[in-house]
Amino acid sequence: PTVAPTKTPEATKEMKAMWISYLEFGSSAKTEAQFRKTVTQMFDNCVSYGMNTVIVQVRPFSDAMYKSSYFPWSKYASGTLGKDPGYDPLKIMIELAHKRGLKIQAWLNPYRITTGNTNVSALPASHPARKWANSSTSDVKRRVLSYGGNLYYNPSSSQVRTLIVNGVKEIVKNYDVDGIHFDDYFYASGINDASTIAKYNTEGLSTSDFRRKQVDLFIKDLKDNLDQFNKKNNKFVQLGISPT
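Residues numbered from 1 in each chain as written. Predicted model: local features only at pLDDT ≥ 70, side-chain atom pairs only at ≥ 80, totals over all residues. Heavy atoms only, no water.

For the rest of this paragraph, the subject is the pattern of salt bridges. Overall, the coordinates contain 10 salt bridges when judged by the stated rule. Notably, a salt bridge pairs aspartate 139 with lysine 199, separated by 2.6 Å at the nearest N-O pair. You can see aspartate 139 sitting in helix H5 (residues 138-141) and its partner lysine 199 sitting in helix H7 (residues 194-200), a full 60 residues away along the chain. (Salt bridge = Lys/Arg side-chain N within 4 Å of Asp/Glu carboxyl O. Helix = DSSP H or I, 4+ residues; strand = E, 2+ residues; numbered from the N terminus.)

Below, the structure is given as structure tokens:
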């Protein structure tokens, strides 16, 4: 007779998650005590609503609500983009989540750099987008694209994909997160990447197929790296994508 595979208790649990966006933190500076108080109330509410997971946005605009070697501190942590808040928001959120029996996933927006502003000079000098956009080499400059008054990383750039994957590897290595979550992981509608396509579309794909392939390459690279991390460290960091 066929024997059904045994499910672990964890595998049989229904995921009941609350998304907590960067907007919930506000952009004004806050002390560690103020941040802890805010997050404590949020997570206590999640428990009271019967949630078992929180999905917290820690990189909304090529920034970081944690100590990063790749991205500047988020203004939603310190009040000013690039300024160290003096504490580690993600570390605190992991501590407070796990203390309540909540799993926590780090929610990232991979391509978005700014909204309502295309002035790269307003970004910190160390910002990867500012460095690339100010390059004298056209290929490097094209790693950052402007559309609709916003700045985005170019999904067709292998260097962009490497940056994003490295950012994920950094999080799972340094923080005890239970998952990585992405939203808006596709091309911004109407973005002008014609020169990139003309140069790198060696297979003669349609524009739509070429763009899809670039996103596929990114997701595959990300998943492969996460699988390797999990296997090496006997972990089970999940990967989730919300195609909104």
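What follows is about helix H3 (residues 89-99). Among the residues of H3, those classed as buried are Pro89, Leu90, Ile92, Met93, Ile94, Leu96 and Ala97. Its buried side turned inward, H3 meets helix H1 (32-48), strand S2 (53-59), helix H2 (75-78), strand S3 (103-108) and helix H6 (158-174). Backbone nitrogen of leucine 90 and a side-chain oxygen of the N-cap are separated by 3.2 Å at the start of H3; the cap is aspartate 88. Directly after H3, the chain includes glycine 101, whose backbone phi takes a positive value near 75°. (Buried < 20%, exposed > 50% of the residue type's maximum accessible area, 1.4 Å probe, protein only. Contact = heavy atoms within 4.5 Å. Polar contact = N/O pair within 3.5 Å; in protein donor to acceptor, adjacent residues only side chain to side chain.)

Before going further, it helps to examine the sheet that holds strand S1 (residues 17-20). Judged by pairing direction, the sheet is parallel, and its 5 strands sit side by side in the order S1-S2-S3-S7-S8 without closing on themselves. Every other strand in the sheet has two partners, leaving S1 and strand S8 (238-242) as the edge strands with one partner each. Geometrically, the sheet is characterised by an average inter-axis angle of 25° between neighbouring strands, direction not taken into account. Of the strands in this sheet, S1 and S2 touch H1, which is tilted by about 155° from S1. Against the sheet, helix H8 (residues 207-233) makes contact with strand S7 (179-183) and S8, and its axis sits at roughly 155° relative to S8, the strand it touches most. (Pairing = 2+ DSSP bridges. Axes fitted to C-alpha atoms, helices over the stretch in contact; angles between N-to-C directions.)

Following both chains from N to C, one finds H1 and H3 inclined at 40°, their axes separated by 10 Å at the closest point. The orientation of H1 with respect to H3, classified from their angle, is oblique. Of the two elements, H1 crosses H3, and the hand of that crossing is right-handed. Along the contact surface, H1 presents Glu32, Phe35, Arg36, Val39, Thr40 and Phe43, while H3 presents Pro89, Ile92, Met93, Glu95, Leu96 and Ala97. (Parallel < 35°, antiparallel > 145°, perpendicular 65-115°, else oblique. Left-handed = near helix turned anticlockwise from the far one by under 90°.)

Predicted confidence across the protein chain gives a mean pLDDT of 91, with 94% of residues reaching 70 or more. Within the protein chain, the element-level pLDDT minimum falls on H7, averaging 86, and the maximum on H3, averaging 98. (pLDDT = per-residue confidence, 0-100.)

Attention now goes to the packing of aromatic side chains. Within the structure shown, the criterion is met by 9 aromatic pairs. Ring plane angle 25° and centroid distance 6.4 Å describe the contact between phenylalanine 61 and tyrosine 76, whose orientation is recorded as stacked. One end of the pair, phenylalanine 61, is in the loop between S2 and H2; the other, tyrosine 76, is in helix H2, and 15 residues separate them in sequence. Here the two residues phenylalanine 61 and tyrosine 76 agree in accessibility, since each one is buried. Here the aromatic rings of tyrosine 66 and tyrosine 175 are separated by 6.0 Å at their centres, their planes lie at 75°, and the arrangement is edge-to-face. Residue tyrosine 66 is found in the loop between S2 and H2, and its partner tyrosine 175 is found in the loop between H6 and S7; the two are separated by 109 residues along the sequence. The class for tyrosine 66 is buried, based on a relative accessible area of 0%. (Phe/Tyr/Trp six-rings, centres within 6.5 Å; stacked < 30°, edge-to-face > 60°.)

Turning to its location among the elements, arginine 112 is positioned in strand S4 (residues 112-114). Sequence-wise, arginine 112 and valine 58 are 54 residues apart; in three dimensions their C-alpha atoms are separated by 13 Å. Of the polar contacts made by the side chain of arginine 112, one reaches the backbone oxygen of proline 60; its length is 3.0 Å.

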